[in-house]
Amino acid sequence: MNKILCSTGALLPYGGDYRQLEMLSRQLTCDGYEFMMDAPYYKEAEALKQFFQQSGLYTPILHCEKGIGESIGQGGDAQWADALEKFEINCDIARSIGAEKMVLHLWNGIPSDSKFQNNLNGYRYLDAIARRYGIGLLVENVVCTVGNPMGRLCQLRERYPEIRFVFDTKMAAFHGQLDSLYDPEYAWLWQDGYLAHYHVNDYAGGYMDWENLRPLPIGKGNLDFTRFFEFVNRTGYAGSFTTEATAYGSRAFQPEMLNGQFQYIRDHLK
């Protein structure tokens, strides 16, 4: 059964007070949440875990702290040790709050995919840690500065046949690759079960338009979501979707806008 989730990153500023989620959630009609792990939360990990356990918020997915992928890409003993230590904390939090899956930016930040061999080699260590915690690791098709996301997913699949992915509509569109999802060349993504989660965000820019690289609500960009959901329905996908868009042109909490996104997705799923 499809689950429509809301990213906590759409509700809180970076490192914002996660305790507000209990109150904000009362105004939302999503099925649950994808918790965005930010770097400031490391220092209060125990309190964060206790909050989620007591709140009862359904949080089946944790979005791993993005700096981990950046450290892996940089390489070096110090960066690698820091990445592993922080990743283990992410996994511990994920298990404690009831998350079954974790979204990973395997490459990120300024290094991006410029030293992709580091990211490619590092995945197996991260996956082994996640499996130890009972967490399914999902690599996202995040933007690249050297290669492109679909090419990187292909490399990862070739090396790690059991890997699973998150497909982000905005990230794909940034590289002109949203239509690649429908291309028979990449049918293995859905035919062989590699797609385990979707991030559904609109995008108003063109090819690698850095000034417009931000998630927008459906209908505020130029993506064809009618075609997207027709495709998703044809493939028989029965997994989860996350919306990440904040209020259009504002960081203010707008439950009407968010609830409209959730309903749009529900209305377009069989």
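Note that the structure is a prediction, hence the values are computed from the model and not measured. (Residues numbered from 1 in each chain as written. Predicted model: local features only at pLDDT ≥ 70, side-chain atom pairs only at ≥ 80, totals over all residues. Heavy atoms only, no water.)

Engineer: I'd love a proper account of the overall build of the protein chain, names of residues and values included.
Structural biologist: When helices and strands are tallied, the protein chain shows 10 helices and eight strands. Taken over the C-alpha trace, the protein chain has a radius of gyration of 17 Å; the compact-globule value for 270 residues is 18 Å, and the two agree within 12%. Counting across all 270 residues of the protein chain, residues that qualify as buried make up 55%. Here the contacts in the protein chain between residues at least 6 apart in sequence split such that 79% fall between residues at least 24 apart. When the accessible surface of the protein chain is split by element, carbon and sulfur atoms take 47% of a total near 11,700 Å². Seen as two clouds, the 25 positive and the 33 negative side-chain charges of the protein chain have centres 2 Å apart. (Helix = DSSP H or I, 4+ residues; strand = E, 2+ residues; numbered from the N terminus. Rg over C-alpha atoms; globule rule 2.2 N^0.38 Å. Buried < 20%, exposed > 50% of the residue type's maximum accessible area, 1.4 Å probe, protein only. Contact = heavy atoms within 4.5 Å. Areas by Shrake-Rupley, 256 points an atom, 1.4 Å probe, with all protein chains shown as cover. Lys, Arg positive; Asp, Glu negative; His and termini not counted. Charge placed at Lys NZ, Arg CZ, Asp CG, Glu CD.)

Engineer: How would you summarise the packing of helix H4 (residues 77–96) against helix H5 (residues 116–132) if you had to cite specific residues and measurements?
Structural biologist: Running from N to C, H4 and H5 cross one another at 30°; their axes reach a closest spacing of 9 Å. Our classification of the angle between H4 and H5 gives roughly parallel. Crossing hand, H4 versus H5: right-handed. Taken together, the residues of H5 that come into contact with H4 (itself represented by Trp80, Leu84, Phe87, Glu88, Cys91 and Arg95) are Gly122, Tyr125, Leu126, Ile129, Ala130 and Arg132. Class assignment of the residues belonging to the contact of H4 with H5 gives a composition of eight nonpolar, one polar and three charged. (Axes fitted to C-alpha atoms, helices over the stretch in contact; angles between N-to-C directions. Parallel < 35°, antiparallel > 145°, perpendicular 65-115°, else oblique. Left-handed = near helix turned anticlockwise from the far one by under 90°. Nonpolar A, V, L, I, M, F, W, Y, C, P; charged D, E, K, R; others polar.)

Engineer: Break down the pattern of salt bridges for me, with residues and values.
Structural biologist: Applying the stated criterion across every chain, the model contains 10 salt bridges. Salt-bridge contacts for Arg19 lead to Asp17; the nearest nitrogen and oxygen are separated by 3.0 Å. The shortest N-O distance in the salt bridge between Arg157 and Asp192 comes to 3.9 Å. Remark: Asp192 occurs in the loop between helix H8 (188–191) and strand S7 (195–199) and Arg157 occurs in helix H6 (residues 149–159); sequence separation between them is 35 residues. Look at Asp192 and you get partly exposed, because its relative accessible area is 43%. Overlapping salt bridges, with partners in common, bring together Glu46, Lys49 and Asp92 in one network. (Salt bridge = Lys/Arg side-chain N within 4 Å of Asp/Glu carboxyl O.)

Engineer: Quick rundown of helix H10 (residues 255–267)? Include the residues and the values.
Structural biologist: Between its first and last C-alpha atoms H10 spans 18 Å; for 13 residues at 1.5 Å apiece the expected length is 18 Å, and the two agree. Where the residues of H10 are buried, they touch strand S1 (3–7), helix H9 (225–235) and strand S8 (240–243). (Expected span 1.5 Å × (residues − 1).)

Engineer: Requested: an account of empty space enclosed by the protein, with residues and values cited.
Structural biologist: Counted under the stated rule, the structure contains one cavity of 30 Å³ or more. Within this model, the largest cavity holds a volume of roughly 30 Å³. Every residue along the wall of the largest cavity is listed here: Thr8, Leu11, Leu21, Ser25, Tyr33, Phe52, Leu57 and Thr59. Here the residues of the lining of the largest cavity are counted per class, giving five nonpolar, three polar and no charged. (1 Å grid on protein atoms, 1.4 Å probe; cavity = no way out; pocket = protein on both sides within 12 Å on 5 of 7 lines; lining within 4 Å. Points joined across faces, edges and corners; volume = space filled by probe spheres on them.)

Note that all results are geometric; they support no functional claim without further evidence.
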